[in-house]
Amino acid sequence: MSFLRLFVAALVLVGGIFATHGIRPSPAAQTHRPLQEFPAAIASWHSEDLPFDPEVVKEIGVDDYTNREYVGNARPIELYIGYYKDQRSGDAIHSPKNCLPGSGWEPVRSALLQISTADKPVLVNEYIVEKGAKRDLVLYWYQTRGRIVASEYWAKFWLVADGVRHRSTDGAMIRIWTTAEDGEESAQIRATDFARRVYPQVYEFLPN
C-alpha cells in the first residue's frame, strides 16, 4: 500500500472515530424490513435457515440477520445478510477478510468482481479461501442507503458521511458463499448469477 493510500485510510478511520461518537441518533431513522421475511425461494433456488448460536449473534453485534442455504440445480449457496442499525456504540460490520482467518479459513486470493444488474453494474469483493483440502469462493459487499460498496475504506468513509448528513450509521453486509470444489470458474459463475438475482431483493429490505 502506498503512503498516500495509507494516509487516506488512516485519516478516514480517525475521522470515523471522532465523528461517529459525536453524532446524536436521528429521531426519525428509516427502518428496514425484517430479514426473516427475505424470500425463501429465488428463481429455481429454495432455502432453509441456518441460524447462528446466540453467542455468535452477540459476538458479531448484528441487530438483524438472515443466514440461509439455497439449493437449486447446482451446488448449494449460502447467503448471509447482516444489518446494523447503529454503528456508533462499538457494534460495527465485520469484514470477512478479518473474520474468516479467525475461523480457520486461509485466504488464497482476493479481487474485485463486476456484476451486471438491471440497474447498473456493481463492484463486489471476490474472495477465495481454503481450509485444509476444502476451497470455497466468497462474494461480499457493503450496502447502505441504496449504495453498494466493496472497499472497507470507502464503507467507513460513507459511514461517517451519512452520520454527518443524515445522523444515521446503519448499514449491512451481504455475503454469498459456495464451494469451489468443482473449479473456481464454475463457482464464480454460480455465485455471480445468484448475486445478480439476489441484489434487487436485498435492495427492497434495507433503508434507502
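Residues numbered from 1 in each chain as written. Predicted model: local features only at pLDDT ≥ 70, side-chain atom pairs only at ≥ 80, totals over all residues. Heavy atoms only, no water.

S.K.: Which parts of the structure should I look at to understand the nonpolar core?
M.R.: Generally speaking, a soluble globular protein has its nonpolar side chains buried in company with each other. Grouped together as the largest cluster of nonpolar side chains are 31 residues, with contacts concentrated most on F38, L79, L139, I176 and F194. Top contributing element to this core by residue count: helix α5 (residues 184–205), with 8 residues. When near neighbours in sequence (up to four residues on either side) are disregarded, I176 contacts I77, E78, L79, L137, V138, L139, W141, A191, F194 and A195. Core analysis: the next-biggest nonpolar cluster, separate from the first, contains 15 residues, V62, Y127, Y140 and M173 among them. (Core = buried A, V, L, I, M, F, W, Y, C linked by side-chain atoms within 4.5 Å. Buried < 20%, exposed > 50% of the residue type's maximum accessible area, 1.4 Å probe, protein only. Helix = DSSP H or I, 4+ residues; strand = E, 2+ residues; numbered from the N terminus. Contact = heavy atoms within 4.5 Å.)

S.K.: Would you mind showing me how to read the pairing of strand β3 (residues 64–71) here?
M.R.: Consecutive side chains of a regular strand alternate in pointing toward one face of the sheet and then the other. Burial analysis of β3 places 6 of its 8 residues in the buried class, which makes it a mostly covered element. Bridge count for strand β2 (residues 45–49) against β3 is 4 bridges, and the pairing is antiparallel. When the sheet's bridge partners are listed, E48 is paired in β3 with E69. Relative to strand β4 (residues 77–84), β3 is paired through 7 bridges, and the arrangement is antiparallel. In the strand pairing of β4, N67 is matched with Y80. (Pairing = 2+ DSSP bridges.)

S.K.: Can you walk me through the side chain of D64 in this structure?
M.R.: Position of D64 among the secondary structure elements: in strand β3. At a separation of 2.8 Å, a polar atom in the side chain of D64 contacts the side chain of H32. A polar contact is formed between the side chain of D64 and the backbone nitrogen of L35, at a distance of 2.9 Å. Apart from the residues within four sequence positions on either side, D64 is in contact with H32, R33, P34, L35, I81, G82 and Y83. (Polar contact = N/O pair within 3.5 Å; in protein donor to acceptor, adjacent residues only side chain to side chain.)

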